[in-house]
Amino acid sequence: MSDFIEIFEVGPRDGLQSESKIIDTKSKITLVDLLSDCGLQKIEVSSFVSPKWVPQLADANIVFKKIIRKKNVKYTALTPNLRGLNDAVLVCADEVAIFAAASETFSKKNINCSIQESITRFHPLMRKAKHLGISVRGYISCITDCPYEGEISPSRVLNVAKQFKEMGCYQISLGDTIGNSTPTSLNKLYRILFSELPETFFAGHFHDTKDRALDNVELSLENGIKTFDSSIAGLGGCPYAPGSSGNVSTEKIFKFIEAKGYQTKLSLDKIKKASDYAKSLVKQ
Ligand code: HMG
Ligand code: MG
């Protein structure tokens, strides 16, 4: 259906990863179960990363084992290396995501290696995922702006995107990590990206730090992007991006997209229920 827009829920991962208060495992499971009722097709449940780097998600394997899976929902995980993929496979994650950046400094701060080293590290992961028939999504952070380097040139994003495509990623999520993108900076990026790769290969991942996420979603819709990441109750940020705040909230993007005449298959009542629960987990 051409007017269908996919909402990719990343709250349990991107939303919770930088919460300073450790949320108990049972609550994370309840959150994912509530999200499973919302009509979402993809939920990023957690990350299989070093627990020293992201202590909040050290319980990823238990969360995956205990959630009640719905047939039409894919439960996904972030994996930085082969070890992460192996751990995700053990708990039957439906798909995984690799993540790189268009900024060298951010790459170093986030995954402790250069952009090119990260791509090299992803090769064995991609080979194994292909062998197992597991789909891999690619994230690119700092698509227009980096908290350390400032403005990022579109050619740097294109460079990573082409390599991700070549490696076999089925989709690339474009991360406005610190919420600094504007319709103008995105237009500049899309002109370059979409001259070499199809727009339907990309998803929008907008952090709402400066309350500009919906402007960026609108511009992206006009440019043919059909998948958007969001976080229930707008939870989140990235622990290695100072000043980043939550992704655009699932309830906000749902209302915006439906008001524009697109369909999402989500239930507002169920989203509200999950959102109230998510808020109760992070309130001081
Ligand atoms: P490192 O220290 O360079 O690598 O970390 P290492 O290989 O030396 O490993 C260090 C320790 O981690 C070792 O343990 C490994 O065994 C362990 P130790 O010997 O010290 O006890 N380790 C692991 N443990 C569990 N699972 C694994 C794993 N791999 C190694 N998979 C590493 C490199 C990539 C592991 C580390 O930097 C890391 O985990 N980084 C993750 C950072 C992260 O999750 N950031 C947030 C997600 S990205 C994001 O939010 C942006 C996004 O939303 C898009 C956007 O908004 O832009 C996606
Ligand atoms: Mg993010």
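Please refer to the structure higher up on the page.
Fair warning: this is a prediction, and the values are worked out from it, not measured in the lab.

A. Highlighting the site of ligand 1. Every one of the 27 residues lining ligand 1 counts as a neighbour, but Gln-17, Lys-52, Asn-112, Ser-141 and Thr-177 are closest to it. Interatomic distance of 2.9 Å between a side-chain N/O atom of Asn-81 and a nitrogen atom of ligand 1. For ligand 1, the protein covers 76% of the area, taking 1100 Å² as the surface of the free molecule. The cavity that encloses ligand 1 is the largest pocket. Only helix H1 (11-15), helix H4 (82-90), helix H5 (104-111) and strand E5 (135-141) provide two or more residues apiece to the shell around ligand 1. Split by residue class, the shell around ligand 1 holds 11 nonpolar, 11 polar and five charged.

B. View of the coordination of the magnesium ion (ligand 2). Only Asp-14 (OD), His-205 (NE2) and His-207 (NE2) from the protein coordinate the magnesium ion (ligand 2), and they sit 2.1 to 2.3 Å from it. All donors of the magnesium ion (ligand 2) come from a single chain, and their spacing in sequence reads D-x190-H-x1-H. Of this pair, Asp-14 sits in helix H1 while His-207 sits in the loop between strand E9 (202-206) and helix H9 (213-222); the two residues are 193 residues apart in sequence, bridging distant segments of the chain. Side by side, Asp-14 and His-207 carry an identical accessibility label, which is buried.

C. Broad picture of unusual backbone geometry. The backbone phi angle of Asn-112 is positive, close to 65°, even though this residue is not glycine. On the secondary structure map, Asn-112 appears in the loop between H5 and helix H6 (115-132). You can call Asn-112 partly exposed: its relative accessible area is 46%. With a phi angle near 60°, Cys-142 is a residue other than glycine that sits in the positive phi range. With respect to the helices, strands and loops of the structure, Cys-142 is situated in the loop between E5 and strand E6 (145-146).

Conventions we followed
Residues numbered from 1 in each chain as written. Chains lettered and ligands numbered in written order. Predicted model: local features only at pLDDT ≥ 70, side-chain atom pairs only at ≥ 80, totals over all residues. Heavy atoms only, no water. Near = heavy atom within 4 Å. Polar contact = N/O pair within 3.5 Å; in protein donor to acceptor, adjacent residues only side chain to side chain. Areas by Shrake-Rupley, 256 points an atom, 1.4 Å probe, with all protein chains shown as cover. 1 Å grid on protein atoms, 1.4 Å probe; cavity = no way out; pocket = protein on both sides within 12 Å on 5 of 7 lines; lining within 4 Å. Sits in = over half its atoms within 2 Å of the grid points. Helix = DSSP H or I, 4+ residues; strand = E, 2+ residues; numbered from the N terminus. Nonpolar A, V, L, I, M, F, W, Y, C, P; charged D, E, K, R; others polar. Donors = N, O, S within 2.8 Å, 3.2 Å for Na, K, Ca; no water. Buried < 20%, exposed > 50% of the residue type's maximum accessible area, 1.4 Å probe, protein only.

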